[in-house]
Amino acid sequence: MSTSTVPARRRSVLISGASIAGPALAFWLDRYGFDVMVVERASTIRTGGYPIDVRGTAIDVVERMGLLPSIRAAHIASRTMVFVDRTGRVIGSVPIYEAIGSENERDVELPRGTLATLLHDATRHGSVDYRFNDSIDTLHDDGEGVDIEFASGRRARYDIVIGADGLHSRTRRLVFGPEEAFSHSLGFCFNLFSLPNDMGLSHGGIVRAEGGRTAAIWAVQDHPRVFGFLASATDDAPVSASRDAGEQIRRTRAAFAGMGWEVPRLLEAMAAADDLYFDSVSQIRMPCWSKGRVALLGDAAFAPSFRSGQGTSLALVAAYVLAGELATHDDPDDAFAAYERLARPFVEANQALATDGNGTFFLPRTQEDIAARDRVLAEIARNGTAGMFDDTRSRVHGALHLPDYASVSR
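Everything quoted here is computed from the prediction, not taken from an experiment.

*Asks:* Explain the overall build of the chain to me, and be specific about the residues and the numbers.
*Replies:* A count of helical and extended segments in the chain gives 14 helices and 18 strands. Whereas a compact globule of 410 residues would reach a radius of gyration of roughly 22 Å, the chain reaches 22 Å, a difference of no more than 12%. With the C-alpha coordinates aligned to their principal axes, the bounding extent of the chain is approximately 65 × 45 × 35 Å. Here the chain holds 410 residues, and the buried ones make up 55% of them. Element-wise, carbon and sulfur atoms account for 50% of the exposed surface of the chain, whose accessible area totals about 17000 Å². Within the chain, one finds 43 positive and 53 negative side-chain charges whose respective centroids are separated by 2 Å.

*Asks:* Any details on a negative patch on the surface? Residues and values, ideally.
*Replies:* Among the surface-exposed residues, Asp330, Asp331, Asp333 and Asp334 lie close enough to one another that they form a single negatively charged patch. As for its placement among the helices and strands, Asp333 is situated in helix α11 (residues 332-351). In this structure Asp333 comes out as partly exposed when scored by relative accessible area, which is 46%.

*Asks:* Describe the nonpolar core, naming the residues involved and giving the relevant values.
*Replies:* Residues Ile15, Ile162, Leu297 and Leu316 are the most contacted members of the largest nonpolar core, which totals 72 residues. In terms of residue count, the dominant contributor to this core is helix α10 (residues 311-328) (twelve residues). Not counting the four nearest positions on each side in its chain, Ile15 is found in contact with Gly22, Leu25, Ala26, Leu29, Val36, Met37, Val38, Val39, Ile162 and Ala164. In this structure, Phe188, Ala209, Phe227 and Phe361 belong to the second largest nonpolar core, which totals 27 residues.

*Asks:* Outline the sheet that holds strand β10 (residues 155-158), listing residues and values.
*Replies:* With antiparallel pairing, three strands are arranged side by side in an open sheet as β8-β9-β10. Each edge of the open sheet is held by one strand with a lone partner, namely β8 (136-141) and β10. Across the sheet, the axes of successive neighbouring strands diverge by a mean angle of 20°, strand direction being ignored. As paired strands, β8 and strand β9 (residues 146-150) are joined by five bridges and run antiparallel to one another. Residue pairing across strands places Leu139 opposite Ile148, the latter belonging to β9.

*Asks:* Go over the pattern of salt bridges, please, and point to the residues and values.
*Replies:* All told, the structure shown has 22 salt bridges when counted by the stated rule. Arg10 is the partner of Asp35 in a salt bridge, and the nearest nitrogen-oxygen pair spans 2.6 Å. Of this pair, Asp35 sits in strand β2 (residues 35-40) while Arg10 sits in the segment before β1 (12-16), and the two are 25 residues apart along the sequence. Classification of Arg10 by relative accessible area gives partly exposed; the value is 38%. Residue Arg382 pairs with Glu379 through a salt bridge whose shortest N-O separation is 2.8 Å. Here the residue Arg382 and the residue Glu379 both occupy positions in helix α13 (residues 367-383), the gap between them amounting to three residues, near one helical turn. On the basis of relative accessible area, Arg382 is assigned to the exposed category, the value being 57%.

*Asks:* Any chance you could break down the side chain of Ser78 for me, citing the residues and the numbers?
*Replies:* Within the secondary structure layout, Ser78 lies in the loop between α3 (68-73) and β4 (80-84). By relative accessible area, which is 5% here, Ser78 ends up buried. There is a polar contact of 2.9 Å between the side chain of Ser78 and the side chain of Glu109. Every residue in contact with Ser78, bar those within four places of it in the chain, is listed here: Ile96, Tyr97, Glu109, His203 and Trp218.

*Asks:* How would you summarise unusual backbone geometry if you had to cite specific residues and measurements?
*Replies:* The phi dihedral of Asn133 is positive, around 60°, even though this residue is not glycine. Mapping Asn133 onto the fold places it in the loop between β7 (129-132) and β8. In this structure Asn133 comes out as exposed when scored by relative accessible area, which is 55%. Located in the positive-phi region is Gln221, a residue other than glycine, with phi close to 55°. Here Gln221 is to be found in the loop between β14 (213-219) and β15 (225-233).

*Asks:* Which residues make up the confidence of the model for the chain, and what are the values?
*Replies:* In the predicted model, the chain carries a mean pLDDT of 92, and 95% of its residues have values of at least 70. pLDDT under 50 marks residues 1-5. Its contacts with residues more than four places away, or in other chains, come to twelve contacts.

*Asks:* So, the sheet that holds β14: which residues are in play, and what are the values?
*Replies:* Ordered in space as β5-β4-β13-β14-β15-β12-β16, the seven strands form an open sheet in which the pairing is mixed. Two strands bound the open sheet, and with one partner strand each, they are β5 (90-95) and β16 (277-284). Mean inter-strand twist for the sheet, computed between neighbouring axes without regard to direction, equals 20°. With seven bridges joining them, strand β13 (residues 204-210) and β14 adopt antiparallel strand pairing. Looking at β14, one finds that Gly205 is bridged to Trp218. Against the sheet, helix α8 (residues 263-272) contacts β12 (183-196), β14 and β15, and its axis sits at roughly 90° relative to β12.

*Asks:* Any chance you could break down the packing of aromatic side chains for me, citing the residues and the numbers?
*Replies:* Tallying each qualifying case throughout the model produces 13 aromatic pairs. Taken together, a centroid distance of 5.7 Å and an interplanar angle of 90° make the contact between Phe229 and Phe306 edge-to-face. Placement of the pair is Phe229 in strand β15 and Phe306 in the loop between α9 (299-302) and α10, with a sequence separation of 77 residues. An aromatic cluster of three or more residues is present, and its members are Phe27, Trp28, Tyr32, Tyr320 and Tyr405. The ring of Phe150 carries Arg154 above its face, with NZ or CZ at 4.1 Å from the centroid. Directly above the aromatic system of Phe188 lies the positively charged group of Arg365, at a separation of 5.7 Å from the ring centroid.

Definitions and limits used
- Residues numbered from 1 in each chain as written.
- Predicted model: local features only at pLDDT ≥ 70, side-chain atom pairs only at ≥ 80, totals over all residues.
- Heavy atoms only, no water.
- Helix = DSSP H or I, 4+ residues; strand = E, 2+ residues; numbered from the N terminus.
- Rg over C-alpha atoms; globule rule 2.2 N^0.38 Å.
- Buried < 20%, exposed > 50% of the residue type's maximum accessible area, 1.4 Å probe, protein only.
- Areas by Shrake-Rupley, 256 points an atom, 1.4 Å probe, with all protein chains shown as cover.
- Lys, Arg positive; Asp, Glu negative; His and termini not counted.
- Charge placed at Lys NZ, Arg CZ, Asp CG, Glu CD.
- Patch = residues over 30% accessible without salt bridge, like charges linked within 9 Å, V, L, I, M, F, W, Y side chains within 5 Å.
- Salt bridge = Lys/Arg side-chain N within 4 Å of Asp/Glu carboxyl O.
- Core = buried A, V, L, I, M, F, W, Y, C linked by side-chain atoms within 4.5 Å.
- Contact = heavy atoms within 4.5 Å.
- Pairing = 2+ DSSP bridges.
- Axes fitted to C-alpha atoms, helices over the stretch in contact; angles between N-to-C directions.
- Polar contact = N/O pair within 3.5 Å; in protein donor to acceptor, adjacent residues only side chain to side chain.
- pLDDT = per-residue confidence, 0-100.
- Phe/Tyr/Trp six-rings, centres within 6.5 Å; stacked < 30°, edge-to-face > 60°.
- Lys NZ or Arg CZ within 6 Å of the ring centre and 35° of its normal.

Here it is in structure tokens:
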């Protein structure tokens with residue numbers, strides 16, 4: 001922990017975003033005696049959502065929060081990912097956690113909404129103030145504090161502002177400029193939606209892939225609804241530049257025409273879904289995560305993309321570090337510099353997982369990628385997984401040794 005003295009004055013912090021990173025930061029800042037407000041444009045905590053993972057160092061964070069038993073109780077325990085051809089014939093399968101580098105006895109997979117609810121419940125009964133149906137409209141940092149005008153028209157001043165408002169962060173845009181300067185496409189766009197579990201799937205998924213397009217159906221335990229997933233390669237500008245769902249549906253229909261298997265059914269379910277989420281597969285890479293009295297956290301600062309599988313874990317770890325450094329530095333510049341010095345190497349190592357060999361295994365771009373994947377599946381069928389997957393990813397997941405901020409008190 002830093003040897004800086006703990007600030008004597010109670011400071012105010014505005015956090016924009018109430019998904020994972022924002023409430024996790026609020027938890028620690030509240031413990032350290034800050035006045036914390038979380039503003040969220042949605043009407044409430046989003047309770048639905050796809051499965052996410054808490055791995056490596058992030059497990060240490062939730063254990064220190066006292067949330068590990070509740071998080072373990074929500075573990076999904078997925079088992080197998082099956083790969084099929086256009087007729088549905090099984091090509092091969094892999095045990096999910098081995099393939100993605102999770103430690104079976106330690107890491108946890110749970111619904112995103114469950115984790116969001118646990119974090120909200122852990123903070124809303126304290127002194128953290130949540131304000132839903134609102135967002136930052138304008139922001140002015142005069143060096144001594146930050147003046148905020150909210151979309152609702154309310155005005156307030158804070159000592160520190162943290163943008164934890166996701167991949168397309170408005171806070172980042174207001175302070176650092178347009179997203180295009182920091183967004184790096186990984187060459188795909190994707191669609192995620194739910195549909196009835198008519199195939200009786202349980203604890204895993206089925207994948208049909210050709211070079212440049214992947215279709216999958218994923219079951220969370222024995223739930224009566226499953227997640228449909230359609231991802232296609234693109235050299236265009238990120239699809240997030242257009243939030244037109246009709247246009248995205250048309251693009252996806254064209255990209256997946258004639259693919260066979262369950263794809264026609266998935267396309268129909270996508271078009272009818274009331275929970276369709278679509279975007280580009282991209283990362284946020286910034287030379288600096290702070291400016292003045294404003295800093296960024298989670299996907300707003302360093303989105304690693306779902307190909308890394310580490311977005312949630314990075315948010316939890318970075319929130320712990322940022323709160324600890326703010327608590328042990330009176331000057332936000334010093335706190336933000338320490339936060340970045342500690343967290344950036346860990347973040348960048350985990351971002352790099354999005355472009356390793358596992359990325360093309362699960363989301364192949366070329367027919368050569370498909371052939372390489374099928375060779376691995378054939379080897380697993382013959383000899384099992386021994387020696388097929390090393391511990392590189394799990395070592396990266398746990399590469400940061402958490403600083404100890406236990407002596408910080410109100």
